[in-house]
Amino acid sequence: MTATTRSTAALKYTLMRIGVFAGCFVVLYALVYVGLIPRGLGESNALWVLLLSIVVSAPLSFVLLRRQREAMSEQIVEKVGQAKARLEANRTQEDGV
């Protein structure tokens, strides 16, 4: 895997996660506007919808983005393994001197 592929996978997951959150926000705001979900107190309606969107989008993202999350974690594990190998190679090189 190249560095571009790794960053693309992370960027793709992040953008999809933001998309799920934004979709939840729009749907929940529409439901509050229609009156199916109660409004916040006073001027806190936007904050209420924002917090509710966070709570709803978290489990949805956990289920819907499983494949992307696993691909990204595999790439992270690979990168950490490469870093450990480089550190070990540097350590053995220092021991040889």
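Going by what an unreviewed UniProt entry lists, the protein chain is known as DUF4229 domain-containing protein and is assigned to Streptomyces changanensis.

Another aspect to go through is the packing of aromatic side chains. In this structure the tally under the stated criterion is two aromatic pairs. Note on Phe25 and Tyr29: the rings are 6.0 Å apart at their centroids and 25° apart in plane angle, and the pair reads as stacked. Highlighted residues: Phe25 and Tyr29, both in helix 1 (residues 3-34), separated by four residues, approximately one helical turn. By relative accessible area, Tyr29 is classed as partly exposed at 38%. Residue placement shows Arg66 over the ring face of Phe62; its charged tip is 5.7 Å from the ring centre.

A grouping of Leu47, Leu50, Leu51 and Ile54 is seen on the molecular surface, where their side chains present a nonpolar patch of about 340 Å² in accessible area. Relative to the helices and strands, Leu47 resides in helix 2 (residues 45-64).

Following the sequence through the fold, Ser53 ends up in helix 2. Classification of Ser53 as buried rests on a relative accessible area of 0%. If near-sequence neighbours (up to four positions away) are discounted, Ser53 is found in contact with Phe21, Cys24, Phe25 and Leu28.

Another aspect to go through is the environment of Ser73. On the secondary structure map, Ser73 appears in helix 3 (residues 66-96). With relative accessibility at 35%, the residue Ser73 sits in the partly exposed group. Residues Ser73 and Ala9 lie 64 residues apart in sequence; the distance between their C-alpha atoms is 9.7 Å.

So, on to helix 2. Its 20 residues give helix 2 an end-to-end C-alpha distance of 27 Å, which sits within 8% of 28 Å, the value for a rise of 1.5 Å per residue. Ser57 marks where helix 2 bends most, by close to 25°; the proline Pro59 follows one to four residues later. Here helix 2 has its buried residues at Asn45, Val49, Ser53, Ser57 and Ser61.

Analysis parameters
- Residues numbered from 1 in each chain as written.
- Predicted model: local features only at pLDDT ≥ 70, side-chain atom pairs only at ≥ 80, totals over all residues.
- Heavy atoms only, no water.
- Phe/Tyr/Trp six-rings, centres within 6.5 Å; stacked < 30°, edge-to-face > 60°.
- Helix = DSSP H or I, 4+ residues; strand = E, 2+ residues; numbered from the N terminus.
- Buried < 20%, exposed > 50% of the residue type's maximum accessible area, 1.4 Å probe, protein only.
- Lys NZ or Arg CZ within 6 Å of the ring centre and 35° of its normal.
- Patch = residues over 30% accessible without salt bridge, like charges linked within 9 Å, V, L, I, M, F, W, Y side chains within 5 Å.
- Areas by Shrake-Rupley, 256 points an atom, 1.4 Å probe, with all protein chains shown as cover.
- Salt bridge = Lys/Arg side-chain N within 4 Å of Asp/Glu carboxyl O.
- Contact = heavy atoms within 4.5 Å.
- Expected span 1.5 Å × (residues − 1).
- Bend = angle between axes of the 7 residues up to and from the residue.

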